[in-house]
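# Examination of the molecular architecture
Okay, here's what each chain looks like letter by letter:
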Amino acid sequence: MNAREEILRRVDQVMPTRPAAEITAAYDRIDRGYLRRHHGADILDLFAERVADYRATVLRVPASGVPAAVAERLAARPGAYGVPGDLPAEWISASDASFVRDPSVPALDGLAGAVTGCAAAIAETGTIVLDHGAGQGPRALSLVPDYHLIVVRAEQVAPDVPEALERLDPRRPLTFVSGPSATSDIELSRVEGVHGPRTLEVLVVG
């Protein structure tokens, strides 16, 4: 028996496995009488406002304007950009930047930034959620480069947290993005870029 197996054996002794039916029944008994939605109309405006509060740049564009907007944002930062292999080709079709589809982990540190889509967004908190599925790439792509441009479609924006969570698969590797990476752990001095991109820009489509 190796160390991992020994640790798991001890955990099982303290917390024995419960039958699936028992777990489901306990979950169903949770009181969910809380208000599920606080916002109705104009959730895109609210989302843009809340994202901007985190010192991110937010642009509203029509679907037809995505290629031009992407090209404009990337023109200010010369270099190569990492993109998921299945990122919609039209999003980057107007840009003169060079793109690396599905870059390797060692190559990420040399990129000027990354361009991805997302899985969902939350207007109430100004949060963008990546589940690293279609158009998003692996988690490292959204965390290592210093710049991240995210395209958020209008239909992906949920008014509040409960509704957003219902759209997500908890079995996926979820990454919640609320503005650029920042910490104030040391003497309350804000430092950006410690845990992820120092600069976040968001295109809200619709």
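Our subject is the structure that appears above.
Residues numbered from 1 in each chain as written. Predicted model: local features only at pLDDT ≥ 70, side-chain atom pairs only at ≥ 80, totals over all residues. Heavy atoms only, no water.

## Some remarks on the overall build of the chain
Looking only at helices and strands, the chain has seven helices and twelve strands in total. Across its three principal axes, the chain shows a C-alpha extent of roughly 60 × 50 × 40 Å. Burial status across the chain gives 38% buried among its 206 residues. Considering only residue pairs separated by 6 or more positions, the chain has 68% of its internal contacts joining residues 24 or more positions apart. Approximately 11600 Å² of the chain is accessible, and the part contributed by carbon and sulfur atoms is 55%. In the chain, 21 side chains carry a positive charge and 28 a negative one; their mean positions are 4 Å apart. (Helix = DSSP H or I, 4+ residues; strand = E, 2+ residues; numbered from the N terminus. Buried < 20%, exposed > 50% of the residue type's maximum accessible area, 1.4 Å probe, protein only. Contact = heavy atoms within 4.5 Å. Areas by Shrake-Rupley, 256 points an atom, 1.4 Å probe, with all protein chains shown as cover. Lys, Arg positive; Asp, Glu negative; His and termini not counted. Charge placed at Lys NZ, Arg CZ, Asp CG, Glu CD.)

## Re unusual backbone geometry
For D102, which is not glycine, the phi torsion reads 50° and is therefore positive. Relative to the assigned elements, D102 resides in the loop between β3 (98–101) and α5 (105–108). Unlike most non-glycine residues, H132 shows phi in positive territory, near 60°. Residue placement: H132 occurs in the loop between β6 (127–130) and α6 (139–143).

## Quick look at the environment of A41
Among the secondary structure elements, A41 is positioned in the loop between α2 (20–28) and α3 (43–53). For A41, a relative accessible area of 67% puts it in the exposed group. For A41 and T116, which are 75 residues apart along the polypeptide, the C-alpha to C-alpha distance reads 27 Å.

## Re the nonpolar core
Core analysis: the largest hydrophobic core is formed by 18 residues, its most contacted members being F47, I128, I150, V152, V157 and V202. At five residues, the largest contribution of residues to this core is made by α3. Of all hydrophobic cores here, the second largest spans 17 residues; its members include L74, V115, L149 and V151. (Core = buried A, V, L, I, M, F, W, Y, C linked by side-chain atoms within 4.5 Å.)

## As for the pairing of strand β4 (residues 113–116)
Covered by surrounding structure in β4 are G113 and V115 together with A114 and T116, the residues of both alternating faces. Note: strand β2 (residues 80–83) against β4, two bridges, orientation parallel. The partner of Y81 across the bridge, within β4, is G113. Note that β4 and strand β7 (residues 147–153) share three bridges and pair parallel. (Pairing = 2+ DSSP bridges.)

## Structural notes on the packing of aromatic side chains
Applying the stated criterion to the full structure yields two aromatic pairs. A network of ring pairs unites the aromatic residues Y81, F99 and Y147 as a single cluster. Looking at R32, its charged tip hangs above the ring of Y27, at a distance of 4.4 Å from the centre. (Phe/Tyr/Trp six-rings, centres within 6.5 Å; stacked < 30°, edge-to-face > 60°. Lys NZ or Arg CZ within 6 Å of the ring centre and 35° of its normal.)

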